[in-house]
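Residue-level listing of the chains:
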Amino acid sequence: MTRTPTVRASRPVTEAPDWARLERELFAAQDVAWRRFSDRYTRGDGRLVFTDRLGQGLDDRDGVDDFYEPFFNWPTLYLLGGDPAILAAARRHWQGVTAQLTEMGMLRDGIERGYDWFHQGEGLLLYYALCLADPDDAALRELGLRFADLYLPGGPNYDPVHRVIRAPHTGADGPRYGFVDSDTYFPWSPALRPYGLPLDFVDGVTDFDQLAGDPHRARSYGREMDRRMGRGDTVVNLAVTSLATNAYLLSGERRYADWVLDYVMAWRDRLTGREVLPDNAGSTGVVGQHLDGRWYGGHYGWAWPHGLHSVAPATLIGAVNAQLLSGDPGYLDLARNPLDATLAHASARRPDQMGTLAGRWRPQLSTMDGETTLMVPQRHNDSGWFDHTVLAAAWPITLWQVSRDPADRDRIERLRAGASWDWTAVHPQRRKEEAGHEEPWYEFLAGRNPHFPERTLRAALAVTAERVEAIDHDPLDPATGPSALDIHHWQDRNPVLTEALLLLTTGSPQVLYNGGLVRLHLRYHDAGAGRPGLPADVAALVTDTDPGHTVVELVNLAAAPRALIVQAGTFAEHRLRTVAVDDGPPRPVEARYLRVELPARSRLRLALALTPRTESPTYRAPRHDPGDHDDRR
């Protein structure tokens, strides 16, 4: 036990900075908005208003994630400093939705019966964030360990001899081979038409509409998908590593960490000697075993449906988790390969030449001052690379934030140099993952976008107001809710916005949406209230995230003193070496935490030197007793 170092602000706030005022306005607006959503779309026990059913029809395993996703970032708002009531609400909704889905037969003992991990990862974001917010909750811990055990050696879903997760669809029921429980059939939905054929080499089938118009042929094609794609491992299963990492953080049991490292290493071994990371491994671990030797063609892999859009986040999730648990940066090579493999085939293209995910980039491309911009192919099948789009900077920026390798920053600079659209522009867009502003934030950190904080906060306030307006005037029948075909309705109206607050207060991008754990450069605890997050009336702005020179401005707008604890890393995995206050010299601290005293209407600037990943990651929080400044490690 050592005393927590303490610093104290001495500069008065003569005029509140616009960013600080807007930041606190956004916190206040959010605390009103989430209540409106709860009142309109949920029942008293937390479940969503929904009188239709899931688990029926051709796509009978789909939909679980959509019930949890409307609340995915609610615990994060609490962790940042939102009203404590939102944590209780998020927990109630998690419990209510779990009961609701169990009654529909989609869950067993609180766990999804079995579906792909592109979607299961999305659905688990709420649970992971609840664990981070309240790691001492016994029910959360019990579920997390029991769920993770399904994938460890001895569990039904993992083959430790061949180091494969046995199927693309896994869960409480073990491997659910194939893709549906009803009649084997493809296509399951006309909505899949833009993505074309999952297998482009099946004899006699050359076009999606051939299957849509011929039930006999659709059943035959579905059986071929089951045989080739419905068993063995697929790269998006790397998202399971968050489940095991979460179990390790909850329990401290090394077996969970060991499994993560072994499974991620299995995929690194599959990359060895290849130019591109394969997306599949057969039942005995052989790449292409069920696909006539093809390294592509696995479910949610390179060929279908989204290619890079599913491969890149999955490899990032696996690599970042392995690096967190081992401290070995070599695991990050797994995440670099999909980015570099597609960039090797990049070319300048017009917006009208974009492929299946073109809609995601309309706001950005509308600001183009050139005819073409850099795009990469998302997908690969027997015809080669195809389906070009802008490479989302969120992935290389997240990678660089974790690695701090100059080569990873060079990759971002290549994207920036090839872009014909304005990387400083802040668009008031809001997709379900509540991300998409990594480029203007990157420019802010580079000193090329000085007004980003105010612009992104105003945009977030505007979107919050629009969402509240949409909730208040929603024509959806409040007694029945949406149909099973429109369960994205809730995600489209979730008014909780955390991206701007994450970027500005913690110096961190939004969570990787397909199953990542929240990763914060800096984290705060209210020392007076004994809870996570910034204290009331305190605003924070991180202007530099370099580990050797992390800079954060803290402003107390209140007429009363506040105290907070600054933590290095989400899991206190970094160590604070030195701190400099305002223009003062650096002083040694050598601790996980730093206590900051903020007198009434005061401010200070901290320049921190961190040593990354020197401490064992933990969910445990520092002590909050104002009279005990010991560092709890």
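Residues numbered from 1 in each chain as written. Predicted model: local features only at pLDDT ≥ 70, side-chain atom pairs only at ≥ 80, totals over all residues. Heavy atoms only, no water.

A. Summary view of the overall build of the protein. Per the secondary structure count, the protein includes 20 helices and 22 strands. For 633 residues, the compact-globule estimate of 2.2 N^0.38 gives 26 Å, and the protein sits close to it at 24 Å. Counting the 633 residues in the protein, one finds 64% classified as buried. In the protein, the share of contacts with a sequence separation of at least 24, taken over all contacts with a separation of at least 6, comes to 74%. When the accessible surface of the protein is summed, it comes to about 22000 Å², and 49% of that surface belongs to carbon and sulfur atoms. Between the mean site of the 70 positive side-chain charges and the mean site of the 86 negative ones, the protein shows a separation of 3 Å. (Helix = DSSP H or I, 4+ residues; strand = E, 2+ residues; numbered from the N terminus. Rg over C-alpha atoms; globule rule 2.2 N^0.38 Å. Buried < 20%, exposed > 50% of the residue type's maximum accessible area, 1.4 Å probe, protein only. Contact = heavy atoms within 4.5 Å. Areas by Shrake-Rupley, 256 points an atom, 1.4 Å probe, with all protein chains shown as cover. Lys, Arg positive; Asp, Glu negative; His and termini not counted. Charge placed at Lys NZ, Arg CZ, Asp CG, Glu CD.)

B. Main features of the sheet that holds strand β13 (residues 522-526). Reading across the sheet, the five strands line up as β2-β20-β17-β13-β14 and stay open at both edges, with mixed pairing between neighbours. At either margin of the open sheet sits one strand with a lone partner, and together these are β2 (6-8) and β14 (531-532). (Pairing = 2+ DSSP bridges.)

C. Up close: the packing of aromatic side chains. Under the counting rule described, the total for this entry stands at 33 aromatic pairs. Centre to centre, the rings of F37 and Y41 are 4.9 Å apart; their planes meet at 55 degrees, and the pair counts as tilted. With a gap of four residues between them, F37 and Y41 both fall in helix α1 (residues 18-41), about one helical turn apart. With respect to class, F37 is no different from Y41; both count as buried. Between W400 and Y442, the aromatic rings sit 5.7 Å apart at their centres with planes inclined by 80 degrees, giving edge-to-face as the arrangement. Of this pair, W400 sits in helix α15 (residues 394-403) while Y442 sits in helix α17 (residues 438-445), and the two are 42 residues apart along the sequence. Residue W400 shares its accessibility class with Y442, and that shared class is buried. (Phe/Tyr/Trp six-rings, centres within 6.5 Å; stacked < 30°, edge-to-face > 60°.)

D. How the structure looks around helix α16 (residues 406-418). For α16, built from 13 residues, the straight-helix expectation of 18 Å at 1.5 Å per residue is met to within 8% by its first-to-last C-alpha distance of 18 Å. Those residues of α16 that sit buried are D408, R411, I412 and L415. Buried residues in α16, looked at end-on, bunch into an arc of 95 degrees, giving them a common side. When the buried face of α16 is taken as reference, the exposed residues oriented beyond 90 degrees from it are P406, D410 and A417. Sitting at the head of α16, D405 places a side-chain oxygen 2.8 Å from the backbone nitrogen of A407. (Expected span 1.5 Å × (residues − 1). Arc of directions from axis to C-beta. Polar contact = N/O pair within 3.5 Å; in protein donor to acceptor, adjacent residues only side chain to side chain.)

E. Molecular detail of the sheet that holds strand β10 (residues 347-349). Pairing within the open sheet is antiparallel, and its three strands lie in the order β10-β11-β12. Here the strands that pair on one side only, and so sit at the sheet edges, are β10 and β12 (384-389). Each neighbouring strand pair of the sheet contributes to a mean axis angle of 55 degrees, computed without reference to strand direction. Here β10 runs beside strand β11 (residues 373-381); their pairing, made up of three bridges, is antiparallel. Paired with S347 across the two strands is M375, which belongs to β11. (Axes fitted to C-alpha atoms, helices over the stretch in contact; angles between N-to-C directions.)

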